[in-house]
Amino acid sequence: MENNINNEIETASQGNEQFPGQVHDLPGGGVIVSSFNDIINWARSNSLWPLTFATSCCGIEMMSVASSKYDFSRFGFEVARATPRQADVIIIAGTIVNKMAPVLKRLYDQMADPKYVIAMGACAISGGPFFYNTYSVVKGADHVIPVDVYIPGCPPRPEALLHALITLQQKIKSGLTREQIRAEKQLS
């Protein structure tokens, strides 16, 4: 499993993807022939700006993805934002307590459309192994906001976060809307 993820990450980082269209060279410039939606989806998928929402130990793994070893800037995620108005994807890394849930909802509502959500780790997915039956912990981010991609683990490895980001990119490139991504997730 880990070798498959590493191979996928290596292939994606080598830039083997094609521009969605053809460039015809003409005297004085070139002409791009493609559909407008393909170009928009290509540009949108290659410029996802994450909003960091790290509340627990998964945040350390999320920070390591930005380090030189994993370098998520190769994939177009390098502009990590602390403001929701400039972010495209929110990465929830860690436990969400009841007092933090309205803040998370407010951040999600302030993000511009289209917006995507990644729940990273057991705490963000289901309340976590340590706090599962605690009155103060939300039993998963999907009880507060809709989640597009789940990353299991406690804490998940940095490669798993890269795999989730690449998966989200592929879904956006294929032209799926947020609603279609969530419907696809529910079917699988």
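Here the structure is a predicted model, which means the values were calculated and not measured.

1. Quick word on the confidence of the model for the protein
Residue-level pLDDT values for the protein average 78, and 82% of them are 70 or greater. For the protein, the element scoring lowest by mean pLDDT is helix α1 (residues 2–13), at 52; helix α4 (residues 101–110) scores highest, at 91.

2. Points about the sheet that holds strand β3 (residues 50–54)
Strand pairing in a sheet is mediated by backbone hydrogen bonds. Such pairs are either parallel or antiparallel. Sheet architecture is open: 4 strands sit in the order β3-β4-β5-β6, paired in parallel fashion. Sheet topology places β3 and β6 (149–151) at the edges, where each strand pairs with a single neighbour. Averaged over all pairs of adjacent strands, the angle between their axes in this sheet comes to 15 degrees, without regard to strand direction. Sheet strands in contact with α4 are β3, β4 (89–93) and β5 (116–120), and its direction is about 180 degrees off that of β3.

3. Here we look at the environment of Pro129
One can find Pro129 in the loop between α5 (122–126) and β6. Each C-alpha atom of the pair Pro129 and Cys154 lies 8.3 Å from the other, and the pair is 25 residues apart in sequence. For Pro129, the contacting residues outside a window of four places in its chain are Ala122, Cys123 and Cys154.

4. Observations regarding the packing of aromatic side chains
In this structure the tally under the stated criterion is 0 aromatic pairs. The side chain of Lys115 reaches across the aromatic face of Tyr108, ending 4.3 Å from its centre.

5. Things to note about the packing of helix α2 (residues 36–45) against helix α6 (residues 158–173)
In contact at an axis separation of 8 Å, α2 and α6 are set at 165 degrees when each is read in the N-to-C sense. The angle between α2 and α6 falls in the class roughly antiparallel. When the axes of α2 and α6 are compared, the crossing they make is right-handed. Residues Asn41, Arg44 and Ser45 of α2 pack against Gln169, Ile172 and Lys173 of α6. For the contact of α2 with α6, a count of residues per class yields 1 nonpolar, 3 polar and 2 charged.

6. Thoughts on the nonpolar core
Counting residues in each nonpolar core, the largest one holds 24 residues, and the members touching the most others are Met120, Leu161 and Leu168. Taken together, the elements giving at least two residues each to this core come down to α3 (58–65), β4, β5, β6 and α6. A per-element tally of this core places α6 first, with 7 residues. Other than its neighbours up to four places away in sequence, Leu168 contacts Leu48, Val89, Tyr116, Ile118, Val149 and Ile181. The next biggest cluster of nonpolar side chains, apart from the first, holds 18 residues, and it includes Tyr108, Val138, Ala141 and Val147.

7. Some thoughts on the pattern of salt bridges
In the structure shown here, the tally under the stated rule is 2 salt bridges. Between Asp109 and Lys105 there is a salt bridge, with its nearest N and O atoms 3.3 Å apart. One end of the pair is Asp109 and the other is Lys105, both in helix α4 and 4 residues apart, which spans about a single turn. Taking the shortest distance from any N to any O, the salt bridge between Arg157 and Glu159 comes out at 3.2 Å. By relative accessible area, which is 10% here, Glu159 ends up buried.

8. Comments concerning the environment of Ile60
Along the chain, Ile60 turns up in helix α3. For the pair Ile60 and Pro158, spaced 98 residues apart in the sequence, the C-alpha separation amounts to 9.3 Å.

About the cut-offs
Residues numbered from 1 in each chain as written. Predicted model: local features only at pLDDT ≥ 70, side-chain atom pairs only at ≥ 80, totals over all residues. Heavy atoms only, no water. pLDDT = per-residue confidence, 0-100. Helix = DSSP H or I, 4+ residues; strand = E, 2+ residues; numbered from the N terminus. Pairing = 2+ DSSP bridges. Axes fitted to C-alpha atoms, helices over the stretch in contact; angles between N-to-C directions. Contact = heavy atoms within 4.5 Å. Phe/Tyr/Trp six-rings, centres within 6.5 Å; stacked < 30°, edge-to-face > 60°. Lys NZ or Arg CZ within 6 Å of the ring centre and 35° of its normal. Parallel < 35°, antiparallel > 145°, perpendicular 65-115°, else oblique. Left-handed = near helix turned anticlockwise from the far one by under 90°. Nonpolar A, V, L, I, M, F, W, Y, C, P; charged D, E, K, R; others polar. Core = buried A, V, L, I, M, F, W, Y, C linked by side-chain atoms within 4.5 Å. Buried < 20%, exposed > 50% of the residue type's maximum accessible area, 1.4 Å probe, protein only. Salt bridge = Lys/Arg side-chain N within 4 Å of Asp/Glu carboxyl O.

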